[in-house]
Amino acid sequence: MSVRYNKQGFTFSSSMEVELLVLTDLTYDELENFVKSQGLERYRADQIADWIYDKYVFNFKDMTNLSKQTRNELAKIAKIIDLSPVERKVSKLDGTTKYLWILEDGNTVESVYIVHPNRNTACLSTQVGCPVGCPFCATGQSGFIRNLKTSEIVGQLLFMEKLHGEKVNNVVLMGMGEPAFNVDNVFKVLEILTHPKLRNIGARRITVSTAGVPEFIEALGKKFPQVRLSVSLHAPNDEKRDILVPLNRKYPIALVIQALKRYIEDTGRRVTLEYVLISDLNDSPDDARELYNLLKGLKIHVNLIPLNPAVEGYKRPSHERVTGFARYLEARGVEVTIRIEKGQDIDGACGQLRMRR
Ligand code: SF4
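Residues numbered from 1 in each chain as written. Predicted model: local features only at pLDDT ≥ 70, side-chain atom pairs only at ≥ 80, totals over all residues. Heavy atoms only, no water.

Colleague: Run through the overall build of the chain, naming residues and quoting values.
Modeller: Across its full length, the chain carries eleven helices and 16 strands. For the chain, whose C-alpha radius of gyration is 21 Å, the value lies close to the compact-globule estimate of 21 Å for 357 residues. Seen through its principal axes, the chain has C-alpha atoms that stretch 70 × 45 × 40 Å. Taking all 357 residues of the chain together, the buried fraction comes to 55%. (Helix = DSSP H or I, 4+ residues; strand = E, 2+ residues; numbered from the N terminus. Rg over C-alpha atoms; globule rule 2.2 N^0.38 Å. Buried < 20%, exposed > 50% of the residue type's maximum accessible area, 1.4 Å probe, protein only.)

Given below as structure tokens:
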């Protein structure tokens, strides 16, 4: 027997193939409907949510406040999670931990658990590979296979929290993939993570990163105005960006900046602009000047990321070049940080995911 959820509700079929419903695929309303469809009282949804999102119990048999019969019945048609860890690498430099997960179809994705002095951050993937294909990025060079399901994104977070024995303070959708191309699942993930009865993370503690898809930026601002937005620009003009972020050929810089202006107007929020500095490609004083002219007057924070070399031919600039770039912007009133990368020895830093198996 299998059970599916669609807009009409739950449908049951008696096919021989057992396809289990994954509960981390469900929003709170859907979970409630599922519980009711099983003839259970509504409050059982809260109990199940508590087991999954607070106690990290991923099997029905340990949900001891449900009757044994209910647990057995639920296990026949549903499960909690649909990925499992196959590899865990811990950085000797800073404790950052990279996970490789195996999905039910055999594909693999990675996530990173980043340790800061007073907080922990989970960096989650949204796709298997990435269709944007930035030439300096290991993920982009590994091609694109498919979108991740809601449960496969939520599952990365829950499993990492379970394995570390503590809740993270921040979540960033900045791992493998372009969230804008998996918008339905990404929005459902945001709903699940922020719902008070599910994972209950403050929306301001979640950041969604995009390579710059204007429709997505607009939709995110309207639907989740409190979620943080981060846009990967990586180049100060279309000529360079067409090469460094090939999506630019479809959405040139002017369209991205226009979308950012609208987003800032609508939400009043500051946007983070990610800019990977690559030696001799986008790190010159002229590049800094062009970037400044683009951003002048915008409520923007620029995050400069000295490249973590992951693909041959693309190098990290010298320290002087990086600080010179930052100082140029700072001197003109732009808020700038130079990102201190974590997990470089385990290929867990930005742009390095999926480099090794
Ligand atoms: S840098 Fe980001 S958008 Fe570009 S290929 Fe890598 S994962 Fe995709």
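Colleague: Mind laying out a positive patch on the surface, listing which residues take part and the relevant values?
Modeller: Judged by side-chain charge, R119, R204, R205 and R228 come together as a positively charged surface patch. If you trace the backbone, R228 turns up in strand β13 (residues 228-232). (Patch = residues over 30% accessible without salt bridge, like charges linked within 9 Å, V, L, I, M, F, W, Y side chains within 5 Å. Areas by Shrake-Rupley, 256 points an atom, 1.4 Å probe, with all protein chains shown as cover. Salt bridge = Lys/Arg side-chain N within 4 Å of Asp/Glu carboxyl O. Lys, Arg positive; Asp, Glu negative; His and termini not counted. Charge placed at Lys NZ, Arg CZ, Asp CG, Glu CD.)

Colleague: Quick rundown of the nonpolar core? Include the residues and the values.
Modeller: In globular proteins that are soluble, nonpolar side chains generally tend to be buried together. Counting 106 residues, the largest nonpolar core has L23, M63, F136, V171, L190 and L260 as its most contacted members. Top element by residues in this core is helix α9 (residues 253-267). It accounts for seven residues. (Core = buried A, V, L, I, M, F, W, Y, C linked by side-chain atoms within 4.5 Å.)

Colleague: Break down the site of the ligand for me, citing the residues and quoting the values.
Modeller: With respect to spatial proximity, the complete set of residues near the ligand consists of C130, V132, G133, C134, C137 and G140. For the shell around the ligand, the residue count by class is four nonpolar, two polar and no charged. (Near = heavy atom within 4 Å. Nonpolar A, V, L, I, M, F, W, Y, C, P; charged D, E, K, R; others polar.)

Colleague: How would you explain helix α10 (residues 285-295) if you had to name every residue and give the values?
Modeller: For α10, the set of buried residues is D287, A288, L291, Y292 and L295. End-on, the buried residues of α10 take up no more than an arc of 135°, which puts them together on one face. Those residues of α10 that are buried lie in contact with α8 (238-244), α9, β14 (271-277), β15 (300-306) and α11 (319-331). Phi turns positive, to about 85°, at G297, one or two residues after α10. (Arc of directions from axis to C-beta. Contact = heavy atoms within 4.5 Å.)

Colleague: Account for unusual backbone geometry, with residues named and values stated.
Modeller: Even without a glycine there, the phi angle at Y56 is positive, about 55°. Unlike most non-glycine residues, H234 shows phi in positive territory, near 65°.

Colleague: Go over the pairing of strand β16 (residues 335-338) with me, naming the residues and quoting the values.
Modeller: As judged from the four bridges shared by β15 and β16, these two strands associate in the parallel manner. Paired with H301 across the strands is E335, a residue of β16. Handedness of the crossover is the feature at issue here: the chain leaves β15, passes through α11, returns alongside β16, and the resulting connection is right-handed. (Pairing = 2+ DSSP bridges. Right-handed = clockwise from strand over helix to strand, strands pointing away.)

On their own, these measurements won't tell you what the molecule is for.
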